[in-house]
Amino acid sequence: MRRTGRIAIAVTAVLAAGIAGTPVNAGDSGPRDVHPSLRSDLIAFYDFDHPMPDDPALERDQGRSSTEIELINGGAAQRVADTAYPGSRRALQTKQVNPDATGNDDWKAGVYSPTGVRTLRAFNAVGGTTVMGWFKRSMDGPAPNTVTPAPDDRFNAIGLAGVLTGDSDGHAVRALLELIDVQGTLRLVALGRRLDGGASQTFAATADWKTLLPKDEWVHLAATFDFNAGTMALYRNGVPVEGFYTVTGDPWLVSGPGPHVTTATDPRGIKIGGSFPQNTVERNPCDCRMDALMFLDRSLGARDVANQYRYMNNRG
């Protein structure tokens, strides 16, 4: 099947699931790798052990939204045997395929709809969000830029995982974990945008990104976004990461009376391992492996993140 046909089918399935409103694995037991206290807030969860039976290039959502994602360009081959934490079996492989030519063949994952993904409505007018998962990087810096003519040009970021805005072209986000150039230095960041078309804020880790993400080593990362308070936080292996905000003032416009929530639009999708999940442009590819990607409709506290990390590490 041509990729454009698969995307159309995936989006149709997502919309149908949203109309039906039937959660997947959202009962009291919930996904086995998710701490019980977080299961009611778990909107989307991907462990890359659940291909759709009729199309292995689609991954089933183990959260309550039933938002299938596509393994873009590599399909089923993007599921690789690797153990991010005790009990895990397979991980997602993302990567730049051809650094020397313009094209749309990078391995990444996600879902996109120009009218908004209805099953992600929990992130519509939401007061908080959390993005977290396991990541293992194999690259030494941002990949060669395949959309500019300069042979030595490189992208300024490495995309990990995030939720798109309601007006996104496939790049702009409401909540994102990534590595990005901050005043000339690559840093691990949480990047958030409360209002569609509005300014973003970035919380950047102070520590060197290569220390936070050692090459070829699994690390658990979390980014939390409290849109009402106008705050963000980063966590590594369950521990808060020291950092700083890169934008002064009030970019999220939360200084007035609240409560403050995101724009009341459904996100246009999820992007994983790079931008543009509709596969129209290559940007910020990640030569990485990822597992247990979680998207929650609450800004978790430090105890919640630590509990989740310990819970996964203690499973066997």
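In this text, all values refer to a predicted model and were calculated from it rather than measured experimentally. (Residues numbered from 1 in each chain as written. Predicted model: local features only at pLDDT ≥ 70, side-chain atom pairs only at ≥ 80, totals over all residues. Heavy atoms only, no water.)

## Digging into the pairing of strand β1 (residues 42–46)
Side-chain positions along a regular strand alternate between the two faces of the sheet. Put simply, the test is: Relative accessibility thresholds used throughout: buried, under 20% of the residue-type maximum; exposed, over 50%; partly exposed, between the two (1.4 Å probe, protein chains only). Numbered from the N terminus, helices here are DSSP runs of H or I no shorter than four residues, and strands are runs of E no shorter than two. Two strands are counted as paired when DSSP detects at least two bridges linking them.
Burial analysis of β1 places 5 of its 5 residues in the buried class, which makes it a mostly covered element. Relative to strand β18 (residues 288–296), β1 runs antiparallel, the two being bridged by 4 bridges. From the neighbouring strand, A44 faces β18, where its bridge partner is F295.

## Description of the packing of aromatic side chains
The line we're drawing: Aromatic pairs are defined between Phe, Tyr and Trp rings, using the six-membered ring for Trp, whenever the two ring centres lie within 6.5 Å; interplanar angles under 30 degrees are classed as stacked, those over 60 as edge-to-face, and all others as tilted.
Throughout the structure, instances matching the rule amount to 6 aromatic pairs. Arranged with centres 5.7 Å apart and planes meeting at 25°, the rings of Y85 and W134 form a pair that is stacked. Of this pair, Y85 sits in the loop between β5 (79–81) and β6 (90–94) while W134 sits in strand β8 (residues 128–137); the two residues are 49 residues apart in sequence, bridging distant segments of the chain. Classification of Y85 as buried rests on a relative accessible area of 3%. The exposure class assigned to W134 is buried, which follows from its relative accessible area of 3%. Connected via pairs of aromatic rings, a cluster forms that spans Y85, W134 and Y309.

## A closer look at unusual backbone geometry
In this chain, G258 is followed by P259 through a cis amide linkage whose omega measures 0°. Positionally, P259 belongs in the loop between β16 (243–245) and β17 (269–272). Phi is positive for A125, close to 55°, though the residue is something other than glycine. Its location among the elements puts A125 in the loop between β7 (108–112) and β8.

## Quick word on helix α3 (residues 302–313)
Along an α-helix, residues three or four apart share an orientation, since each turn contains 3.6 residues. Selection rule: Helices are assigned an expected span. That span is 1.5 Å times one less than the residue count. Residue contacts are counted whenever heavy atoms from the two residues lie within 4.5 Å of one another.
Relative to the 16 Å expected for 12 residues at 1.5 Å per residue, α3 spans 17 Å between its end C-alpha atoms, a close match to the ideal helical length. All buried positions along α3 are accounted for by D304, V305, A306, Q308, Y309 and M312. Contacts made by the buried residues of α3 are with β8, β13 (219–226), β14 (231–236) and β18.

## Points about the pairing of β14
Sheet analysis places β13 next to β14, joined by 6 bridges and oriented antiparallel. Looking at β14, one finds that A223 is bridged to L234. Two successive antiparallel strands, β13 and β14, enclose a turn made up of 4 residues, where G230 displays a positive phi of approximately 75°. Sheet topology places β14 next to strand β15 (residues 239–240); 2 bridges connect them, and they run antiparallel. Note on β15: the bridge partner recorded for R236 is V239. Between β14 and the antiparallel strand that follows it, β15, lie 2 residues; N237 among them carries a positive phi value of about 50°.

## Overview of the state of the cysteines
The line we're drawing: For this text, the term disulfide refers to a pair of cysteine sulfurs within 2.5 Å.
Tallying each qualifying case throughout the model produces 1 disulfide. Two residues, C286 and C288, share a disulfide whose sulfurs are 1.8 Å apart. Every disulfide takes its handedness from the sign of the S-S torsion; for C286 and C288 that torsion is -75°, giving left-handed. For the pair shown, C286 and C288 are each scored as buried.

## Digging into the sheet that holds strand β2 (residues 51–52)
The 10 strands are arranged β2-β3-β4-β7-β17-β9-β10-β11-β12-β16 in an open sheet whose pairing can be described as antiparallel. The open sheet is flanked by β2 and β16, the only strands paired with a single partner. Across 5 bridges, the pairing between strand β11 (residues 185–193) and strand β12 (residues 200–205) is antiparallel. In the strand pairing of β12, G192 is matched with Q201.

## Quick notes on the pattern of salt bridges
Short version of the rule: Salt bridges are defined as contacts in which a side-chain nitrogen from Lys or Arg sits within 4 Å of a carboxyl oxygen from Asp or Glu.
Using the criterion set out here, one finds 13 salt bridges in the structure. D82 is the salt-bridge partner of K136, the closest N and O atoms lying 2.7 Å from each other. With K136 in strand β8 and D82 in the loop between β5 and β6, this pair connects stretches of sequence that are 54 residues apart. Here D140 ties to K215 by a salt bridge, and the two come within 3.1 Å at their closest N and O atoms. In this pair, D140 is assigned in the loop between β8 and β9 (157–164) and K215 in the loop between α2 (209–212) and β13, connecting sequence segments 75 residues apart. Taken together, the shared-partner salt bridges connect D41, R298 and D304 into one network.

## Quick look at the nonpolar core
Definition in use: The term nonpolar core refers to a set of buried residues drawn from Ala, Val, Leu, Ile, Met, Phe, Trp, Tyr and Cys, joined through side-chain atoms within 4.5 Å.
Counting 50 residues, the largest nonpolar core has L177, L188, L234, I272 and F295 as the members making the most contacts within it. Residues in contact with L188, not counting those within four places in the same chain, are L160, L177, E178, L179, F203, A204, A205, W209, L212, L221 and L234. Listed in part, the 21 residues of the second largest apolar core include F45, A91, A292 and V305.

These values are about where atoms sit, not about what they do.
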